[in-house]
Structures are given as structure tokens and as C-alpha cells.
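Structure assessment
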Number of protein chains: 4
Amino acid sequence: MGKARLEAFSDGVLAIVITIMVLELKVPHGEGLGTLVPLVPVFLSYVLSFVYVGIYWTNHHHMLHASHTVTGSVLWANLHLLFWLSLVPFTTGWMGENHFASLPAAAYGFVLLMAAIAYWILQQRIIASQGTGSILKSAVGRDWKGKISPFLYVAAIAIAFVQPWVSIAIYAAVALVWVIPDRRIERALGGKTSQP
Amino acid sequence: MGKARLEAFSDGVLAIVITIMVLELKVPHGEGLGTLVPLVPVFLSYVLSFVYVGIYWTNHHHMLHASHTVTGSVLWANLHLLFWLSLVPFTTGWMGENHFASLPAAAYGFVLLMAAIAYWILQQRIIASQGTGSILKSAVGRDWKGKISPFLYVAAIAIAFVQPWVSIAIYAAVALVWVIPDRRIERALGGKTSQP
Amino acid sequence: MGKARLEAFSDGVLAIVITIMVLELKVPHGEGLGTLVPLVPVFLSYVLSFVYVGIYWTNHHHMLHASHTVTGSVLWANLHLLFWLSLVPFTTGWMGENHFASLPAAAYGFVLLMAAIAYWILQQRIIASQGTGSILKSAVGRDWKGKISPFLYVAAIAIAFVQPWVSIAIYAAVALVWVIPDRRIERALGGKTSQP
Amino acid sequence: MGKARLEAFSDGVLAIVITIMVLELKVPHGEGLGTLVPLVPVFLSYVLSFVYVGIYWTNHHHMLHASHTVTGSVLWANLHLLFWLSLVPFTTGWMGENHFASLPAAAYGFVLLMAAIAYWILQQRIIASQGTGSILKSAVGRDWKGKISPFLYVAAIAIAFVQPWVSIAIYAAVALVWVIPDRRIERALGGKTSQP
């Protein structure tokens, strides 16, 4: 069974997820600079989530590049990942509208954590479907980024109830680590292949 | 006539259907845990519908995999299926906002029933277009899942006016039966090929 | 220059147009049957527009099937068609919310008329790009459906100011003529290739 | 690494961007001609932005046509471009709702300017990835349109605070220059390849 439709469907969902987030940036009714001020946190949340969905799209792209066939369990593991990513616009909007308050900031991290776990499950399903000598398994390698991110999300969720801005800083730092190209690894692997 | 655009268009519509449902999860205006409580039934409806649309996407994928050409009547049978699936966000939102009340729960089942019928029509149109020795026909085989689901929907619609939670349980059970991989069948058929 | 992206982009826009129309079917706040009554005209408008966009998608599919390369003017003629089709959700919602009143019914027909003209321009641009011996030109042939539809739209627009329900009947009749397969022609042409 | 998914994802995002702009054309509650009057500036903004997104899509199409592989930095340069284009519906809606007031008109130009810069960065990244003898580099050539547009945007942003209608005229003029086919160049280059 080919992977073309899996990619097309995932591209469609991710394209919509990344674009409907901008609908939370509600067009203000006035024309002054002051009407933009309440939008600043919403905009910042949008930028952060745009980067995260972008990372997922890029890595999903690389991961499927190292795959050739998809099984039924890969289809469902992929839908599971898309489910958690589809909740990103909700937590983004909630966090932005409440100016990075504790609970919304924790919820934002929770969805990132679940998406990271879902990505890991998808990766394992693909590796399992490839059997011994899996191309993806050797491409993933030690994957320190993929292993450390979930712990940072858990820490950020806990910290959100004390000092939410620290959590935001952690989310931003994790995103940055994933965006900055790790050229040595990219050369070796032909692309990043884990979740952020 | 190729099937590539039929798949691309269906993927597009299904990706949008699955994603706009999340827009019914309206971002709450407060930041407390209490603001999430009214969203719980909306969220549960979303999960159920996400699974249903996921099943349809997966099975549509398998069904078209067993097809090579599309005729005019297949195009329209496919649009007919997409029409009913496009109403899922509406019934999902209505059922969620009314905490699984009778009429919305029945309406939810009605749209599932019509989608199941539309899927069956599409299957018959493809089989007819393949003539004798249809690959799809032998792949579908006895198809007990596809045959029993419509009766369960009809039952759930009737029960909704007495005890809507029982209907919801039926919808969830049907979804579960479709998601749980039937490995013996999958091996034989190379994939599930009916509607839920 | 290939036609793959032209098809992919058009499929994307048409999939979104057909799906966002359903957003006008606003989830009612009550749970009774009465809350559905004001949605009936909105739903009927949705069905009509779904069929029209479906016809456009099907015919666009056939028309590009008979094309191999796309020029810059074909790209823009296609964008022009998508522009008018993108206004269908607006006129659909307006007509539905106002229970098929005169001006909204006329506006609905105006957008259909402009889309038909845009489709015709696109067809001419493709035929011109194919030069003498154009496959599309011979496939289109006499095209009585494509020639008569614009006159019916103009008539319906005028009639809308007197008796809007007659206009709706004309729109529905035109759609029906396009949906009903003209098997003799389909066999000859390998598909319908004009605008509705 | 192939370019197919980059194109598919970009097509998806651009298709959604171009279509959600129409959601700002809110369905009026009355049925009279007067209810359409406040929509006129929103509609005009929509037309202008539709043309701009269309230009970006067309040129993106041409630019990637002259590319064969994509690197990690190309993926991110492309996401950066999509980010700025995803803000077009916001500035379009804001400008339309405020009848082309100063600040919204300047914000509209600012997003166009950033998108033009992002397009230029993407172009440079692709040229760099192609090394010496880059096909794209020679196709871009002198690119007077691409070089002059940013200066016109900067001028229009400044002028918006004095006479916003002049800014709008500049935006419209720039769009026109890009839409009008430059046949001599098209013949030489096989397509326009810069940002508007």
C-alpha cells in the first residue's frame, strides 16, 4: 500500500491546522494602534505554534521519506498524531487570549507532550513495519532531541502553575533547538526524523 | 480516467471536515479549570467524530486502492458520500452543545446512517465499473461489519428518543469494531474496504 | 509546464469552498425540532450549491484531463474561475438566511453566471494553447448545455425580482441537466467538458 | 529529497489562505441592496488580496518548476514565506472593515513587504542549493519587478499615514504590473519567477 495518500491527507490537515490558527487573530473593530495591543499575546502564541506545526510537518516529511509502505497500524498512528496536532489551535487561542496564564500554558504543554508521544508511537510503528534493517531505525539513531523534549514539556507543565512565563520560555527553547539545523546530523541522516 | 484527482479532492474535503470540527471547541474566555467543563461533551463528540472520519478516510483509501479507473457515476457517488460526511461537523457540534440530548443524538446517527448508505452505493458503483472479476468485489467478501452497522445506527436513532446515552454507546461500539484491526481479514483482503 | 499543481491547487480551493459553506449551517442553541426549522432554507441552499460546486469540480477534472500543458494565461483564467466560485458560499449563505428573497436570489444567479463565463474563458484559453487540432475543442463540440446555461441564469436573475422561487427552480433545473449523465455524449467525448 | 510535498503543503496553505479571506465577507442579515454597501470595501480588499495570493501561487509554481531538490533551509524559507502570507487575511479584513484607514493600509503594505522579502530569501536559498550554474539564477536574471516592488511597498506604507488611498493605488498598480504578462520575458524565462 502506497504512502502518497497518507502524505496528502497529513499535508491537508497540517495546512489547515496551521492556517486556522490565524482565525484566532480576530480582526479588530477600530483602526488605531491601540486596537492591536490585545492581539500581541495572541500573535506571539500564533508564531510559536506556527513554528511547532512547521517542525512537525518538516519531520513528518523526513520520516515518511525513509518509509516505503504503510500498514493499517501506521495509518492509525498517523491519525492519532493528527488528532493531537488538531488541538494546537485550541490551546494556542486559549493561551493567547488569557495572556499566558497558568492553566492555559500548562494545557498548551500537555498537547505538545501528547503530540510528541504520538509522533514517537508513529515512528515505532513505521520501524516495526520495516522489520530488521529498518532504514528509519538507523536514521533516528540516538535521537537525543526526541528523548529530551518530553521531559522538558513535563517540566514546563509543572512550572506553569508557578511561573507560566518560564514554561513559555521552555517551549520556545525546545522549538529553537529543533529549528536550528544540526548540519552534522543532517548530513549523516539525510534529514531530522523525530518529533520536537 | 485516472483516480488521482478523486483521491486528492476527497482527501482535501475529509481533511477539512476533520479539522473544522475542532472550531466548535470554542476558546473559553476565562482561564480557570471551570471554563473547560462545558467543553467536555463537545470534546467527547469531537473525539468520536474524529474516529469516524478517520475510519472513512482509511477505508476510502483501501477501497480506491482496489480500483484503477473512475467513471462519471463513481465521481458522483463519491460526491454524495462527501456530502453526508460534510454534515458530520454540524451534528457533532449540535450533539456536543446539547450534552447528548435526544434529537441531536438521533440526528448524529442519521448522518452516520446516510454516510454508510452512500459508502455502500459508492462501493457498488466501483464494483459495477470493474465488471465481472471485480477485484473490489472479492475484497469486500461477506463484509459482516458493513452489513450490520446500518441496523445498529437505525436502532441507535430509535433508542435516542428514550435513552440517548445508549445511542452514544452504540455509536462508540461501532467505531471501536471498525478501528480494532481484524488481522485475519486484513491479511486476506489487504485492507478493510467497507463503510463503518 | 505541468498541470499537476494547477489541479492540486484547484482541488484544494474547491474542497474548501464546498466545505466552508456548511459553516453557514450554524449549530442551533436549543435541542428541539423547532430549532432546526430556520435552518431548512440554509440547508436547501447548501444542497444546491454543493451540487453546483460538484459539477464544476467534475467538469474541471474532465477539461484538464484533455489538456497536457498549461500556459500563464491558463493559470490566470483558472484563478479567475476560482475567484467567482469562492463567492458561492457568500451568496449561498445570504440566500439561505433570507429565505430566497429577491435580491439574494438574483445575486446567487449573478455569481453562477460569472462562474460560467469564467469557465468558458478558461476553456477558450486551453483550446488556444493547444493550437489547431485541439483535443479539447473537438471534445467540447457543439456544447448545447454550456451555451444555454448563461441565458437561463440571466433569465433567472431578472425573474428573481418578480418571483424568486421561479429563479430557484431554474437554478435547480440547470443543475439537474448537468448532473444527469448524458451517456451518449459521455461515450463520444470521454466526459462532460463545459461549465454548468 | 523530493519537492512534491513542499508543493502540496504550499498549495494547501495558499488554497486555505485565499479561501478564508472570503469569510470576512460576512453574510448580511438583511436582504436589501443597502446591506451590501458596508461590504464594498471588504470586497475590494478581498479582490486585491486574491490577486496578490494568486501572483504568489503562480510565481511559487514557476520558481519550484526550476528546482529539483529541496534542502532543510529551503523548507524553512518556504514556511517563513507561508507565515507572512497567512497574515494576509488578517490585514485584508482589517483594512476592509476600516474602509482603508491609515494604519490598516500601512499594515497591509507591511505584510506584503515581509512576504516579498521572504520570497526573495526563499529564492536565494534555492539558488544557493543549486550551486554554480543554477537554473533558477539565470531564469531570475535582472528581475526589475522583484527589485522595485519592495521600494514601492515602503513608499506606500509611509504614504498611508498621509493619504491611504494613494497607498491602495500603489498596491493595485504593483499587482497589475505582475499580472500583466510580460510575454517577451515569459518566452525567455519560461515563466515569471519572482515575488510581486
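Attention in this report is confined to the structure presented alongside it. A quick note: this is a predicted structure, and the numbers were derived from the prediction, not measured. (Residues numbered from 1 in each chain as written. Chains lettered and ligands numbered in written order. Predicted model: local features only at pLDDT ≥ 70, side-chain atom pairs only at ≥ 80, totals over all residues. Heavy atoms only, no water.)

Moving on, we come to the layout of surface pockets. Taken as a whole, the largest pocket encloses approximately 1,600 Å³ of empty space. Mapped by element, the contributors of at least two residues to the lining of the largest pocket are helix H1 (4-20) and helix H4 (88-97) of chain A, helix H1 (4-20) and helix H4 (88-97) of chain B, helix H1 (4-20) and helix H4 (88-97) of chain C together with helix H1 (4-20) and helix H4 (88-97) of chain D. Looking at the lining of the largest pocket residue by residue, the classes come out as 34 nonpolar, 4 polar and 12 charged. Within this model, the second largest pocket holds a volume of roughly 1,000 Å³. Lining the second largest pocket are 41 residues, with Ala 8 of chain A, Ala 8 of chain B, Ala 4 and Ala 8 of chain C together with Ala 8 of chain D positioned closest to its centre. Those elements that place two or more of their residues in the lining of the second largest pocket are H1 of chain A, H1 of chain B, H1 and helix H2 (40-65) of chain C together with H1 and helix H2 (40-65) of chain D. Class assignment for the residues of the lining of the second largest pocket results in 17 nonpolar, 10 polar and 14 charged. (1 Å grid on protein atoms, 1.4 Å probe; cavity = no way out; pocket = protein on both sides within 12 Å on 5 of 7 lines; lining within 4 Å. Points joined across faces, edges and corners; volume = space filled by probe spheres on them. Helix = DSSP H or I, 4+ residues; strand = E, 2+ residues; numbered from the N terminus. Nonpolar A, V, L, I, M, F, W, Y, C, P; charged D, E, K, R; others polar.)

Residue and element names in this part refer to chain A. Look at helix H2 (residues 40-65) against helix H5 (residues 102-130): their axes get within 12 Å of each other, and the N-to-C directions meet at 5 degrees. Overall, the two elements H2 and H5 adopt an arrangement that is roughly parallel. For the pair formed by H2 and H5, the contact residues are Ser 45, Leu 48, Ser 49, Tyr 52, Tyr 56, Asn 59, His 60, Met 63 and Leu 64 on the first element and Tyr 108, Leu 112, Ala 115, Ala 116, Tyr 119, Leu 122, Gln 123 and Ile 126 on the second. Across the contact of H2 with H5, the residue classes break down as 12 nonpolar, 5 polar and no charged. (Axes fitted to C-alpha atoms, helices over the stretch in contact; angles between N-to-C directions. Parallel < 35°, antiparallel > 145°, perpendicular 65-115°, else oblique. Contact = heavy atoms within 4.5 Å.)

This brings us to the pattern of salt bridges. A full pass over the atoms with the stated rule returns 12 salt bridges over all chains. Asp 11 of chain A is the salt-bridge partner of Arg 5 of chain D, the closest N and O atoms lying 2.7 Å from each other. You can see Arg 5 of chain D sitting in helix H1 and its partner Asp 11 of chain A sitting in helix H1, one on each of two chains. One salt bridge connects Lys 26 of chain D with Glu 97 of chain D, and the closest N-O pair in it is separated by 3.9 Å. In this pair, Lys 26 of chain D is assigned in the loop between H1 and H2 and Glu 97 of chain D in helix H4, connecting sequence segments 71 residues apart. Here the salt bridges do not stand alone but share partners, grouping Arg 5 of chain A together with Glu 7 and Asp 11 of chain B into one network. (Salt bridge = Lys/Arg side-chain N within 4 Å of Asp/Glu carboxyl O.)

Counting from both sides, the interface comprises 28 residues of chain A and, opposite them, 40 residues of chain B. Buried surface at the junction of chain A and chain B, summed over both partners, amounts to about 2,900 Å²; 74% is from carbon and sulfur atoms. Counting the surface chain A buries against chain B, the share from its top three residues, Arg 5, Phe 9 and Trp 76 of chain A, is 28%. Linking chain A to chain B there are 2 salt bridges. (Buried area = accessible area lost by both parts, 1.4 Å probe.)

Moving on, we come to the relation of the copies chain B and chain C. Overlay of chain B on chain C (RMSD 0.0 Å): rotation 90 degrees, translation along the axis 0.0 Å. With respect to symmetry, the two chain copies, as superposed, fit the operation of a four-fold axis. The position closest to the rotation axis in chain B is occupied by the C-alpha of Gly 12 of chain B, lying 4.3 Å away. A different interface surface on each copy is seen, since only 4% of the contact residues of chain B are contact residues in chain C too. (Least-squares fit on C-alpha atoms with pLDDT ≥ 70 in both.)

Residues and elements named next belong to chain B. In this structure, Leu 81 sits in helix H3 (residues 72-86). For Leu 81, a relative accessible area of 1% gives the class buried. Through-space distance from the C-alpha of Leu 81 to that of Ser 10 is 9.6 Å; in sequence the pair is 71 residues apart. With near-sequence residues (within four places) excluded, Leu 81 lies in contact with Tyr 56, His 60, Ala 115, Ala 118, Tyr 119 and Leu 122. (Buried < 20%, exposed > 50% of the residue type's maximum accessible area, 1.4 Å probe, protein only.)

Here we take up helix H7 (residues 144-160) of chain B. Residue and element names in this part refer to chain B. For H7, with 17 residues, the first-to-last C-alpha span of 24 Å sits near the 24 Å given by 1.5 Å per residue. Lys 145, Gly 146, Ser 149, Tyr 153, Ala 156, Ile 157 and Ala 160 are the residues of H7 that are buried. For H7, the arc enclosing every buried residue in end-on projection is 105 degrees, short of the 170-degree limit, so these residues lie on one face. In H7, those exposed residues whose orientation departs by more than 90 degrees from the buried face are Lys 147 and Phe 151. (Expected span 1.5 Å × (residues − 1). Arc of directions from axis to C-beta.)

This part covers the relation of the copies chain A and chain B. Placing chain A over chain B gives an RMSD of 0.0 Å and needs a rotation angle of 90 degrees, together with 0.0 Å of translation along the axis. Take the interface residues of chain A: only 4% of them recur as interface residues in chain B, which is what a contact between different surfaces looks like.

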